[in-house]
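Structure at a glance
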Amino acid sequence: MPHATATPPQRVLPLEALQEGVLLKRYKRFLADVELDSGEVVTAHCANTGPMTGVLQVGGRVRLRHAPSPTRKLAWSWEQAQVVGADGQPVWVGINTALPNRLVRATIEAGLLEPWLGPIAAIRAEVAYGLNRRSRIDLLLTPSAAAADPRPIYVEVKNTTWCAGDLALFPDTVTERGQKHLEELMGVLPEARAVLLPCLSRGDLQRFAPGDAADPRYGELFRQALAAGVEVLPCRYGFGAEGIDWLGVAPVQNRQSEP
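Read on for a plain summary of the structure. (Residues numbered from 1 in each chain as written. Predicted model: local features only at pLDDT ≥ 70, side-chain atom pairs only at ≥ 80, totals over all residues. Heavy atoms only, no water.)

**Details of the state of the cysteines**
Note the threshold: For the purposes of this analysis, a disulfide is any pair of cysteine sulfur atoms at a distance within 2.5 Å. Three labels apply to residues, based on accessible area from a 1.4 Å probe with only protein chains included: buried if under 20% of the type maximum, exposed if over 50%, partly exposed otherwise in between.
Under the counting rule described, the total for this entry stands at 0 disulfides. Unpaired in this structure, cysteine 163 has its nearest cysteine sulfur neighbour in cysteine 199, at a distance of 14 Å. The class of cysteine 163 is partly exposed, set by a relative accessible area of 22%. Unpaired in terms of disulfides, cysteine 199 finds its nearest cysteine sulfur in cysteine 235, a separation of 7.4 Å. Residue class for cysteine 199 comes out buried when judged on its relative accessible area of 0%.

**Regarding the pattern of salt bridges**
Pairing between side chains becomes possible if they bear opposite charge and their charged atoms approach one another. Selection criterion: A side-chain nitrogen of Lys or Arg and a carboxyl oxygen of Asp or Glu constitute a salt bridge if their distance falls within 4 Å. Counting from the N terminus, the helices are DSSP H or I runs at least four residues long and the strands are E runs at least two residues long.
All told, the structure shown has 14 salt bridges when counted by the stated rule. The shortest N-O distance in the salt bridge between arginine 63 and glutamate 20 comes to 3.1 Å. One end of the pair, arginine 63, is in strand β5 (residues 61-66); the other, glutamate 20, is in strand β2 (residues 19-27), and 43 residues separate them in sequence. Judged by relative accessible area, arginine 63 falls into the buried class, the value being 7%. Glutamate 156 serves as the salt-bridge partner of lysine 158, at 3.5 Å between the closest nitrogen and oxygen. Overall, lysine 158 belongs to the buried group, its relative accessible area being 8%. Several salt bridges converge on common partners, so that one network encompasses Glu20, Asp37, Arg61 and Arg63.

**A closer look at helix α4 (residues 216-228)**
Under the convention used in this document: Every helix has an expected span of 1.5 Å times one less than the residues it contains. The contact definition used throughout considers only heavy atoms, calling two residues in contact when any of these lie within 4.5 Å.
The first and last C-alpha atoms of α4 sit 19 Å apart over 13 residues, in line with the 18 Å expected at 1.5 Å per residue. On the buried face of α4, the contacting elements are β12 (167-170), α3 (176-187), β13 (193-200), β14 (207-210) and β15 (231-232). Once α4 ends, the next one or two residues include glycine 229, with phi positive near 115 degrees.

**Looking at the packing of α3 against α4**
Inclusion rule: Helix axes use the C-alpha atoms of the stretch in contact, all axes being lines fitted to C-alpha atoms, and the angles between their N-to-C directions lie in the range 0 to 180 degrees. An angle counts as roughly parallel when it lies under 35 degrees, as roughly antiparallel when it exceeds 145, as roughly perpendicular when it falls between 65 and 115, and as oblique in every other case. Crossing handedness: left-handed means the near helix sits turned counterclockwise from the far one by under a right angle, and right-handed means the same turn made clockwise. The classification used treats Ala, Val, Leu, Ile, Met, Phe, Trp, Tyr, Cys and Pro as nonpolar, Asp, Glu, Lys and Arg as charged, and all other residues, Gly among them, as polar.
α4 packs onto α3 with a crossing angle of 15 degrees between their chain directions and a minimal axis gap of 9 Å. The orientation of α3 with respect to α4, classified from their angle, is roughly parallel. Here α3 and α4 pass one another in a crossing that is left-handed. For the pair formed by α3 and α4, the contact residues are Gly178, Gln179, Leu182, Glu183 and Met186 on the first element and Arg217, Tyr218, Leu221, Phe222, Gln224, Ala225 and Ala228 on the second. Partitioned by chemical class, the residues of the contact of α3 with α4 number 7 nonpolar, 3 polar and 2 charged.

Next up, the structure:
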């Protein structure tokens, strides 16, 4: 099976200094209690409301961002979790689901995806599209005048932390919203390009496939989308205490197990 080719890490998103501690519990979906290395116990906001399959480990090491503000109920945000990686070594995983769109945009602006997307002149976020324009695309790209394909590019970003070994899988639960996004990406073809961009938020992942075991319907639609011309561009990222590095693009499998 193909694996990602080696790409020198490139810092695409510097981070404010994160503080480490141990996860005590996660509850009410949005909350996590953490004992910092200083001994202080704090409650952090958890932006990831999903099951966090494979990365939610009570007693595991975590990293938090401290950002007190009059507009925030909690001064701490849970950003990363440490797990055992595919190679048996510890790896840090990005669990903040509010981050991938910003991360992907920074990657595009740095020109790192130009071999796949072509040169880009403009990026717009959250643009209405789809049936009755009731959905919003994560990123709408306008190719530059030098681009070989002048069509606009609709990019849907999906955060991915669930895996089987070094194979990234999405989704980790039934997602009717994700199913609809695949259908709407197919709907913009052929007048525009449609790109599904899984954000592989842990550096040990080398390949990508749909998570049929969690959502068989999503897997069916994923394969339909590929056949229809939707492009899938899984981007690999490594997470550190001071920033996030782009590690390249991973190959795509139609299914978790391929002959």
